[in-house]
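# A structural walkthrough
What follows is each chain in one-letter form.
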Amino acid sequence: MPTAFITGITGQDGSYLAEFLLERGYDVVGMVRRTSTLNFHRISHIQDRLKLVSGDMLDQISLIHLLEEHRPDEVYNLAAQSFVQTSWGQPVFTGEATALGVTRLLDAIRLVDPQIRFYQASSSEMFGKVREVPQRETTPFHPRSPYGVAKVYGHWITVNYRESYDMHCTSGILFNHESPRRGLEFVTRKITHHAAMIKLGMTDELRLGNLDSRRDWGFAGDYVRAMWLMLQQDIPDDFVIATSETHSVEEFLGEAFSYMDLDWKEYVVQDPQFMRPAEVDLLVGDPTKAGKKLGWEPTVTFRQLVRLMVDSDLRMLRNGETPM
Ligand code: NAP
Ligand code: G4F
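Report follows, based on the coordinates. What you see is a predicted model, and the numbers here were worked out from it, not measured in a lab.

Looking now at the sheet that holds strand β6 (residues 169-174). Taken in spatial order, the seven strands line up as β3-β2-β1-β4-β5-β6-β11 in an open sheet, and their pairing is parallel. Two strands in the sheet have a free side with no partner beyond their single neighbour: β3 (51-54) and β11 (238-241). Between one strand axis and the next, the sheet turns through 20° on average, direction left out of account. Its contacts with the sheet put helix α2 (residues 60-70) on β1 (3-7), β2 (27-32), β3 and β4 (74-77), and the angle it makes with β3 is roughly 150°.

For the rest of this paragraph, the subject is the pairing of β11. By the alternation rule, side chains of β11 split into D238 and V240 and F239 and I241, which are all buried. Two elements, β6 and β11, share four bridges in a ladder whose sense is parallel. Paired with S171 across the strands is D238, a residue of β11.

On to unusual backbone geometry. Negative phi is the rule for most residues except glycine; trans is the rule for most peptide bonds. For the bond from V133 to P134, the omega torsion is -5°, close enough to zero to count as cis. Relative to the helices and strands, P134 is located in the loop between β5 (117-123) and α5 (146-165). Of note, the phi angle at R71 is positive, near 45°, even though the residue is not glycine. Along the chain, R71 turns up in the loop between α2 and β4. Using a relative accessible area of 47% as the deciding quantity, one classes R71 as partly exposed. Within the chain, S244 stands out as a residue other than glycine whose phi angle is a positive 75°. Tracing the sequence through the fold places S244 in the loop between β11 and β12 (247-248). Among the residues examined, S244 registers a relative accessible area of 45% and is labelled partly exposed.

Conventions we followed
Residues numbered from 1 in each chain as written. Chains lettered and ligands numbered in written order. Predicted model: local features only at pLDDT ≥ 70, side-chain atom pairs only at ≥ 80, totals over all residues. Heavy atoms only, no water. Pairing = 2+ DSSP bridges. Helix = DSSP H or I, 4+ residues; strand = E, 2+ residues; numbered from the N terminus. Axes fitted to C-alpha atoms, helices over the stretch in contact; angles between N-to-C directions. Contact = heavy atoms within 4.5 Å. Buried < 20%, exposed > 50% of the residue type's maximum accessible area, 1.4 Å probe, protein only.

Okay, here's the thing in structure tokens:
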């Protein structure tokens, strides 16, 4: 059985990737950081099939020891301070976790076993103020937040270890991907969760920032499959993963609210606290290379994605479940 080591296993993508790899017969080792209260809600249904181990992207020794002990074949680096808005308030922490954390992990692999295959969770936020539409692997980067800057560092250090040490290091440049397990602070989940609460009479207001920005939103379950496909290639490379469709925040609102026969204009209040110092106005990816080389394509449409998230939030709220 191959062994996979996942950082960020408690997050949205970590939970879907762990499910995916377990189904393929992998032994899955997930790194979690110590917290005063458990936050395993996204992986509680598979927890007995995982090996959860303690470590932190800020702590080099923990990474080296964990790799020495578990000797994985594949490492998926999903851990990051991943919320763009927070990165202005905590730029140094974001740099430590999201940028330098990648080097710590790559160096740990180089020391313990340079044959380990490595996946880096790069981001369409690197394109920022876009220089080309749609964005491809060759589109120049122009990040617009400390998070985006940190991800550019993570991307290039991954390329650098590939070129310097001939290691199997791959960077997946993933566009926004969502699911019922998306954090409540991200705009899609914030919208679907509030729309469901409004439908159930639990609130009558949704406070948002910029409604004009456009994103290429796909389904997280599809995107973790792409991560695995990338590490099965003989030659490591960089891949854009996207749907090639773009929609505005306002369109997402319209889709979610109209699905429940609600008019979003009656409930949404624009609030300056959710505006960003610098915005990424338009993201839309070109996944042609992933289609050709990996045989990857998305299976969930924009409308299906919105509806499956709304349905899940309605169900959770009706059942009194703690939101994921
Ligand atoms: P997420 O839900 O925010 O999960 C982030 C994970 O990183 C959590 O498990 C978190 O642990 C962990 N983490 C944070 N700081 C850490 C540290 N210092 N040491 C160890 N673990 C740490 O993010 P996601 O949406 O699953 O995204 C996964 C990765 O893909 C991230 O790197 C993100 O930046 C990147 N990405 C995401 C998207 C997207 O649209 N979702 C698009 C492109 C790239 P806790 O649970 O303890 O906080
Ligand atoms: O949902 P968001 O916070 O996602 P954002 O900034 O695009 O970042 C996500 O996708 C990246 C990939 O491109 C990942 F790398 C990153 O880790 C993360 O997963 O915001 C989307 C858009 C922004 O333009 C934001 O200004 O929605 C706008 N927005 C408007 N009102 C809001 C709000 N965003 C949030 N989070 N909350 C609001 O109230």
